[in-house]
Amino acid sequence: MQPMPPTELYPWERITVLSSCALSFLGSSLLVCTHALWPELRTRPRQLLLYLSLADLLSAASYFYGVLQDFGTTSWDCVLQGALSTFSNTSSFFWTMAIAIYLYITIVRGAPTGTGLLCFFHAVSWGIPLCITVAAVALKKIGYDASNVSVGWCWINLEAEDRVLWMLLAGKIWEILAYLILPLLYILIKKHINRAHAALSEYRPILARTPAFQPRTSIADKKLILIPIIFIFLRIWSTVRFILTLCGSPAVQNSLLVVLHGIGNTFQGGANCIMFVLCTRVVRTRLLSYLCCCRYDASNQSPQNSDGHYQQTEPHKSREVQETDRKKAMFSST
């Protein structure tokens, strides 16, 4: 593959992609904050979403710096930015697939999941990207790429003879693999949910007399299925430009394609925030209440901690537990 001429980034393209990076950073930060503020929302699916958000947070920050600098040659900060974005971007791929695998195991297989599976996800989703990134830096494969397979940031050095191999290892092979695995798991999960709904509808009179019956799936788990769909829609433009680069097509420098690539690579954190904070009723309600009523809540809670009201602590705590249970029920039905 012969190197193509550098892709020129116009000011409006840079501003658009920088805005996408900033929104993704804010969205990922908001997801992390909601997880930290409200323990009752720390379900296992949202715990996996937290790790995905951390990867997207680092990815958005590194991409923002790269687009802002718009590197024209390989430098130390180009290599550093390229290493951080390679690690976080690849980790995001793995955490997205980890969420799909978790949903398949719990919804379709109905198997219990413990800390062992979570440890496995951590080892794979952080470990493999770290090994790839360290190897790429040590072998001097990360550097200036003329924005033909990026949008201003640094990735795989154009001067590397085996640059196609490293482009695959440093992201593209995992991206393409996700395109194949995620739809397959999604179809299997969706079929299982449809069969479960059909059975539930058929035997609803029997199940209504069985209070102990609870479906394995919750609306929150089903909602997480949208993560792979969002992932594919956002990432496909990066893959298109990669294929065009391999083919030596001048269409790789098309402005619309460049912008879609820039937004797609940087906005996953923002998209997840829209879906799982702004469009999730209980989280949205608690967030608005927290932002608007912080002073009011603080003034109401301060007497509860005083020694003079010690005897009233237990019944109030009972009401708090009931409120927590109610919020959990709302969250699962959102």
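Residue indices begin from 1 for each chain and proceed along its sequence in written order. Local features in a predicted model are, by the rule used here, given only for residues with pLDDT of at least 70; side-chain atom pairs are given and counted only at 80 or more, and totals for whole chains, interfaces and linings are based on all residues. Based on all heavy atoms of the structure, the side-chain values leave hydrogens and waters out of the count.

### Some words on empty space enclosed by the protein
A water-sized probe rolled over the atoms picks out the places where empty space is left. A pocket, in this scheme, is an open set of points on a 1 Å grid over the protein atoms alone with protein on both sides within 12 Å along at least 5 of 7 lines, while a cavity is a set where a 1.4 Å probe fits but cannot get out; residues line either one if an atom lies within 4 Å of a point. Grid points are joined across faces, edges and corners, and a volume is the space filled by probe spheres set on the points. Scanning all chains against the criterion turns up four cavities of 30 Å³ or more. If you add up the space inside the largest cavity, you get close to 120 Å³. Considering the residues around the largest cavity, the lining is formed by 16 residues, among which Tyr63, Asn89, Trp153, Trp155 and Asn265 are closest to the centre. Helix numbering and strand numbering both begin at the N terminus, where a helix is a DSSP run of H or I of at least 4 residues and a strand a DSSP run of E of at least 2. Counting only elements with at least two residues in the lining of the largest cavity, the list comes to helix 3 (76-109), helix 5 (163-202) and helix 9 (255-266). When residue character is reported, Ala, Val, Leu, Ile, Met, Phe, Trp, Tyr, Cys and Pro are called nonpolar, Asp, Glu, Lys and Arg charged, and the others, Gly included, polar. When its residues are assigned to classes, the lining of the largest cavity shows six nonpolar, eight polar and two charged.

### So, the environment of Val134
Among the secondary structure elements, Val134 is positioned in helix 4 (residues 115-138). Each residue gets one of three labels from its accessible area relative to the maximum for its type: buried under 20%, exposed over 50%, partly exposed in between, using a 1.4 Å probe on protein chains only. Residue Val134 is classed as partly exposed on the basis of its relative accessible area, which comes to 48%.

### Comments concerning the packing of aromatic side chains
Two aromatic rings from Phe, Tyr or Trp, using only the six-membered ring of Trp, form a pair when their centres are within 6.5 Å; if the ring planes differ by under 30 degrees the pair is stacked, by over 60 it is edge-to-face, and anything between is tilted. If you walk through the whole model with that rule in mind, you get seven aromatic pairs. Seen in terms of ring centroids, Phe94 and Trp174 are 5.1 Å apart; in terms of plane orientation they differ by 50 degrees. Their pairing is tilted. Here Phe94 is found in helix 3, whereas its partner Trp174 is found in helix 5, with 80 residues between them in sequence. Taken together, Tyr51, Phe87, Trp95 and Trp126 form an aromatic cluster joined through their ring pairs.

### Quick notes on helix 10 (residues 268-278)
With eight of its eleven residues buried, helix 10 lies for the most part within the structure. Every buried residue of helix 10 is listed here: Gln268, Gly269, Gly270, Ala271, Asn272, Cys273, Phe276 and Val277.

### Some words on the nonpolar core
Definition used in this section: a nonpolar core is a set of buried Ala, Val, Leu, Ile, Met, Phe, Trp, Tyr and Cys residues joined via side-chain atoms within 4.5 Å. Counting residues in each nonpolar core, the largest one holds 46 residues, and the members touching the most others are Leu48 and Trp95. Within the residue set of this core, elements represented by two or more residues are helix 2 (44-69), helix 3, helix 4, strand 2 (155-156), helix 5, helix 8 (226-247), helix 10 and helix 11 (281-292). Residue contacts are counted whenever heavy atoms from the two residues lie within 4.5 Å of one another. Once residues within four sequence positions are removed from consideration, Leu48 is found in contact with Trp95, Ala98, Ile99, Tyr102, Leu118 and Phe121. Judged by nonpolar contacts, the second largest core, of nine residues, contains Leu9, Val67, Val151 and Val258.

### Remarks on the state of the cysteines
A pair of sulfur atoms, both from cysteines and within 2.5 Å, is called a disulfide here. Evaluation of the coordinates by the stated rule reveals one disulfide. With its sulfur 1.9 Å from that of its partner, Cys78 forms a disulfide with Cys154. When the S-S torsion is -115 degrees, as for the bridge of Cys78 with Cys154, the disulfide is left-handed. Here Cys78 is found in helix 3, whereas its partner Cys154 is found in the loop between strand 1 (142-143) and strand 2, with 76 residues between them in sequence. Since its relative accessible area comes to 0%, Cys78 is described here as buried. Here Cys154 falls in the buried class, since its relative accessible area comes to 0%.

### What about the packing of helix 3 against helix 4?
All axes here are fitted lines through C-alpha atoms, helices being fitted over the stretch that makes contact, and every angle between N-to-C directions spans 0 to 180 degrees. Here helix 3 crosses helix 4 at 155 degrees, and the two axes come no closer than 9 Å. Considering the angle they form, helix 3 stands roughly antiparallel to helix 4. Once helix 3 is placed against helix 4, the crossing between them reads as right-handed. On helix 4, the residues that touch Val79, Ala83, Thr86, Phe87, Thr90, Ser91, Phe94, Trp95, Ala98, Ile101, Tyr102 and Ile105 of helix 3 are Leu117, Phe121, His122, Val124, Ser125, Trp126, Ile128, Pro129, Leu130, Thr133 and Val137. Along the lines of polarity and charge, the residues of the contact of helix 3 with helix 4 split into 17 nonpolar, six polar and no charged. Roughly parallel covers angles under 35 degrees, roughly antiparallel covers those over 145, roughly perpendicular covers 65 to 115, and oblique covers all other angles. Here is the rule for handedness: rotate from the far helix to the near one, and if that takes an anticlockwise turn smaller than a right angle the crossing is left-handed, while a clockwise turn gives right-handed.

### Let's talk about unusual backbone geometry
Even without being glycine, Ala146 reaches a positive phi, approximately 60 degrees. Following the sequence through the fold, Ala146 ends up in the loop between strand 1 and strand 2. Among the residues examined, Ala146 registers a relative accessible area of 2% and is labelled buried. Positive phi values are uncommon outside glycine, yet Ser147 reaches one of about 60 degrees. With respect to the helices and strands, the residue Ser147 is situated in the loop between strand 1 and strand 2.

### Considering the confidence of the model for the protein chain
The predicted model of the protein chain averages 80 in pLDDT, with 78% of residues at 70 or higher. Residue-level confidence of the predictor, termed pLDDT, takes values from 0 up to 100. Mean pLDDT values for the elements of the protein chain range from 43 in helix 13 (residues 313-332) up to 94 in helix 4. Low pLDDT, under 50, characterises residues 206-217; the stretch is placed with eight contacts to residues that sit more than four places away or in other chains. Here residues 302-334 is a poorly scored stretch, pLDDT under 50, and it has 28 contacts once near neighbours within four places are set aside; other chains count.

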